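Structural characterization, general
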Amino acid sequence: MEAPIEDDLCTRIRRSEQALMGHHEAVLRAYGLTMTQYTVLLILAREGGLSGAQLARSCGVTQQTMSSVLTNMETKELIRRETSPVHAKVQIATLTDGGQALLDRAYQEVIILERALTDAFTPAEHAALCELLERATTVLIQQTRHAATPPTA
């Protein structure tokens, strides 16, 4: 043990993630949304119709979890699923008008935090922080892949 735990980058990243998720979950709860449901709405609004597998990868959840999320969202009439014209066994999820309206309302509150974070830094600091976070994310992804690869004998 060389440095105090509060100096550990992983601890700081985790604390930031927990604070961000806590804020978003509190805001989204008022709209009857989970963070994953909100992310699905956001992705579908930006990218159009996607399969459950594509959404699962984008949200970082399993396909089984995404299937449950999409069923719930379809029941709430936030999305609709239709058979893919390319693959008969694949369902493509798209936003409903109600889903888009709910996303628009929730986004107006979520963006308040984004603006507050942006305002907390000078433009140069903001750009540097974004670049540093991207670099940290790259290292985290590389290390995860490395840890998931069994050593060769």
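Anything mentioned here points back to the structure above.
Now for a description of the structure that goes with this document. All residue numbers refer to position in the chain's written sequence, counted from 1. This being a predicted model, a pLDDT of at least 70 is required before a residue's local features are given, and a value of 80 or more before pairs of side-chain atoms are given or counted; all residues contribute to the totals for chains, interfaces and linings. Only hydrogens and water are set aside when side-chain values are computed; all heavy atoms of the structure are taken into account.

Grouped together as the largest cluster of nonpolar side chains are 26 residues, with contacts concentrated most on L33, Y38, V40, L41, L44, L55 and M66. Helix numbering and strand numbering both begin at the N terminus, where a helix is a DSSP run of H or I of at least 4 residues and a strand a DSSP run of E of at least 2. Counting residues per element, the ones that place at least two in this core are α1 (9–29), α2 (35–47), α3 (52–59), α4 (63–75), β3 (91–95) and α5 (97–119). Per element, the largest residue contribution to this core is seven residues, and it comes from α2. In this analysis, two residues are considered to be in contact whenever any of their non-hydrogen atoms come within 4.5 Å of each other. The residues contacting L33, other than those within four sequence positions of it, are L28, Y38, L41, L78, L102 and A106. We define the nonpolar core as a collection of buried residues of types Ala, Val, Leu, Ile, Met, Phe, Trp, Tyr and Cys that are connected through side-chain atoms lying within 4.5 Å of one another. Burial here depends on accessible area, computed with a 1.4 Å probe over protein chains only, as a share of the maximum for the residue type. Under 20% is buried, over 50% is exposed, and the range in between is partly exposed.

Here we come to the pattern of salt bridges. Only one rule defines a salt bridge in this text: a Lys or Arg side-chain nitrogen within 4 Å of an Asp or Glu carboxyl oxygen. Taken as a whole and assessed by the stated rule, the structure comprises four salt bridges. One salt bridge connects R80 with E82, and the closest N-O pair in it is separated by 4.0 Å. Classification of R80 as partly exposed rests on a relative accessible area of 37%. The class of E82 is partly exposed, set by a relative accessible area of 47%.

Here we come to the layout of surface pockets. Using protein atoms alone on a 1 Å grid, points that fit a 1.4 Å probe yet trap it form a cavity, whereas open point sets bounded by protein on both sides within 12 Å along at least five of seven lines form a pocket; residues with an atom within 4 Å of a point count as lining. Grid points are joined across faces, edges and corners, and a volume is the space filled by probe spheres set on the points. One number sums up the size of the largest pocket: a volume of about 1600 Å³. What lines the largest pocket is a set of 40 residues, and nearest its centre among them are S16, E17, L20, L133 and T137. For the lining of the largest pocket, the elements supplying multiple residues, two or more each, are α1, α2, α3, α5 and α6 (123–148). Along the lines of polarity and charge, the residues of the lining of the largest pocket split into 25 nonpolar, eight polar and seven charged. Ten residues, namely Ala, Val, Leu, Ile, Met, Phe, Trp, Tyr, Cys and Pro, are considered nonpolar, four, namely Asp, Glu, Lys and Arg, are considered charged, and the remaining ones, Gly among them, are considered polar.

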